[in-house]
Amino acid sequence: MSTRAPRTTRTADARQRAAEVLARVEADRAFAAAALDAALDRAPALDPRDRGFATELVYGALRSLGALDAALGRHARDGVRSILKLDPWTRAVLRVAAYQILALDRVPPRAAVSAAVDAIRAQRSAGLAGFANAVLRKVAADRPDPMPPDARVELAMRAVPDEVFSRITPLLGDDGARAHLRAA
């Protein structure tokens, strides 16, 4: 008989670790790599796949913060301001879920929504969990079907500030700037 937690529990722990790291990066200005290493060290039961999943969630969300907040804000009453008013941990949980929905075709959107809502209900309140459920379900409804093969890259591209794009476009041209940013 195995004493390991079921895969769904470990995957939820990977999501929680990722949200914890994102919250620390934002609230404490922690370095993502160090915070991620510390979070994974506190979860020795996570298998390599789940450690990889947590790592993808952290770095993918960090690359895409602006686009994730915009996607979440499109479905909140006060737009992105509603998302930015949340505490860092709650915002991180929403960002982790939105990243899974918009960038990872191997994660069913309902699983990402459910995990986020359950975590917020357990750590915050039923009302905040209801808000998360409504917003994330709408984000999931916006998800393209089928997912484009380069969804992660496109999400990161949408997060590039307009100022960055406008500064390199005169040097490289529109297509060159896009190609350079995609490669980065």
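Computed from a predicted model, the values in this text were never measured in an experiment. (Residues numbered from 1 in each chain as written. Predicted model: local features only at pLDDT ≥ 70, side-chain atom pairs only at ≥ 80, totals over all residues. Heavy atoms only, no water.)

*Asks:* How should I be thinking about helix α3 (residues 48-63) in this particular structure?
*Replies:* Given 3.6 residues to a turn, an α-helix orients residues that are three or four positions apart in the same direction. When the terminal C-alpha atoms of α3 are compared, their 22 Å separation across 16 residues agrees well with the 22 Å that a helix rising 1.5 Å per residue should span. Within the sequence span of α3, burial applies to Asp-50, Phe-53, Ala-54, Glu-56, Leu-57, Val-58, Gly-60 and Ala-61. N-capping of α3 is provided by Asp-47, with a side-chain oxygen placed 3.0 Å from the backbone N of Arg-49. (Helix = DSSP H or I, 4+ residues; strand = E, 2+ residues; numbered from the N terminus. Expected span 1.5 Å × (residues − 1). Buried < 20%, exposed > 50% of the residue type's maximum accessible area, 1.4 Å probe, protein only. Polar contact = N/O pair within 3.5 Å; in protein donor to acceptor, adjacent residues only side chain to side chain.)

*Asks:* Before we go on, may I ask you to explain the layout of surface pockets in this structure?
*Replies:* Empty space among the atoms becomes apparent when a probe as large as a water molecule is rolled across them. Its volume calculated, the largest pocket comes out at about 220 Å³. Counting residues per element, the ones that place at least two in the lining of the largest pocket are α9 (151-159) and α10 (162-183). Here the lining of the largest pocket takes five residues from α9, the largest share from any one element. In terms of residue class, the lining of the largest pocket is made up of seven nonpolar, no polar and three charged. (1 Å grid on protein atoms, 1.4 Å probe; cavity = no way out; pocket = protein on both sides within 12 Å on 5 of 7 lines; lining within 4 Å. Points joined across faces, edges and corners; volume = space filled by probe spheres on them. Nonpolar A, V, L, I, M, F, W, Y, C, P; charged D, E, K, R; others polar.)

*Asks:* Can you help me understand the environment of Arg-106 in this one?
*Replies:* Take Arg-106: it is sitting in the loop between α6 (88-103) and α7 (109-123). Under the relative-accessibility criterion, Arg-106 is labelled exposed at 53%. Residues Arg-106 and Met-147 lie 41 residues apart in sequence; the distance between their C-alpha atoms is 9.8 Å.

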